[in-house]
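A look at the structure
So you can see what is in the structure, the chains are spelled out below.
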Amino acid sequence: QVQLAESGGGLVQAGGSLRLSCAASGRTFSTYFMGWFRQAPGKEREFVALISWSGGSTDYGDSVKGRFTISRDNTKNAVYLQMNSLKPEDTAVYYCAAARGPTYRRDEYNYWGQGTQVTVSS
């Protein structure tokens with residue numbers, strides 16, 4: 001079992017940057033693909049990024065490509081989301097999640113954190 005806890009959210013002006021962290025418990029962290037999702041008020045939770053077990057493979061949602069970077073450190077049981085050139089439409093609660101394989105589908109992620117709020121002002 002994996003327990004996840006996000007941190008690093010906050011209020012930032014448009015064009016600014018934030019780095020989200022997700023701390024994981026459990027000795028099997030390195031065997032999971034890790035993903036970031038986000039959910040804005042009144043909208044469905046959407047895929048943001050994912051990273052493979054080793055960190056050698058990543059993928060991103062179209063709306064964040066070129067601006068966000070996902071990374072992980074298996075020695076620290078952590079995954080990160082570096083967010084640059086933030087836009088007001090990036091405002092959402094951001095969640096990290098763990099899955100057994102590479103997937104964009106939120107229903108295929110087994111474990112979720114509680115989320116961290118990111119607010120981008122214009």
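See the structure printed just above.
Rules behind the numbers
- Residues numbered from 1 in each chain as written.
- Predicted model: local features only at pLDDT ≥ 70, side-chain atom pairs only at ≥ 80, totals over all residues.
- Heavy atoms only, no water.
- Phe/Tyr/Trp six-rings, centres within 6.5 Å; stacked < 30°, edge-to-face > 60°.
- Helix = DSSP H or I, 4+ residues; strand = E, 2+ residues; numbered from the N terminus.
- Buried < 20%, exposed > 50% of the residue type's maximum accessible area, 1.4 Å probe, protein only.
- Lys NZ or Arg CZ within 6 Å of the ring centre and 35° of its normal.
- Contact = heavy atoms within 4.5 Å.
- Salt bridge = Lys/Arg side-chain N within 4 Å of Asp/Glu carboxyl O.
- Pairing = 2+ DSSP bridges.
- Axes fitted to C-alpha atoms, helices over the stretch in contact; angles between N-to-C directions.

This paragraph deals with the packing of aromatic side chains. The relation between two aromatic rings is expressed through the spacing of the ring centres and the mutual angle of the planes. By the definition in use, this model includes 8 aromatic pairs. Here the aromatic rings of Y32 and Y111 are separated by 5.9 Å at their centres, their planes lie at 75°, and the arrangement is edge-to-face. You can see Y32 sitting in the loop between strand 3 (18–25) and strand 4 (33–39) and its partner Y111 sitting in strand 10 (residues 111–112), a full 79 residues away along the chain. Y32 sits in the buried class, given a relative accessible area of 2%. Between F47 and Y104, the ring centres sit 4.9 Å apart and the planes meet at 80°, which makes this aromatic pair edge-to-face. Taken together, the residues span a long stretch of sequence, with F47 in strand 5 (residues 46–51) and Y104 in the loop between strand 9 (92–99) and strand 10 at a distance of 57 residues. Linked through ring pairs, F37, F47, Y95, Y104, Y109 and W112 together constitute an aromatic cluster. R45 extends its terminal NZ or CZ atom over the ring of Y95, reaching a point 3.7 Å from the ring centre.

Mapped onto the elements, V64 comes out in the loop between strand 6 (58–60) and strand 7 (68–73). Among the residues examined, V64 registers a relative accessible area of 1% and is labelled buried. Distance in space between the C-alpha atoms of V64 and G35 is 14 Å, their sequence separation being 29 residues. Contact partners of V64, with chain neighbours within four places excluded, come to R38 and V48.

Turning next to the pattern of salt bridges. For the coordinates displayed, the defined rule picks out 7 salt bridges. Its salt-bridge partner being R38, residue E46 comes within 2.6 Å of it at the nearest N-O pair. As a salt-bridge pair, E108 and R105 come within 3.4 Å of each other at their nearest N and O atoms. Residue R105 is classed as partly exposed on the basis of its relative accessible area of 47%. Linked by salt bridges that have partners in common, R38, E46, R67 and D90 make up one network.

Here S121 is to be found in strand 11 (residues 116–121). Overall, the relative accessible area of 26% leaves S121 in the partly exposed class. For the pair S121 and L50, spaced 71 residues apart in sequence, the C-alpha to C-alpha distance is 26 Å. The contacts of S121, once residues within four sequence positions are left out, are L11, V12, Q13 and A14.

The next point concerns the sheet that holds strand 3. Across a sheet, strands are paired by hydrogen bonds formed along the backbone, either parallel or antiparallel in direction. In space, the 4 strands of this open sheet follow the order 1-3-8-7, with antiparallel pairing throughout. If you trace the sheet from one side to the other, it starts and ends with strand 1 (3–7) and strand 7, each paired once. Direction aside, the axes of adjacent strands within the sheet are offset by 15° on average.

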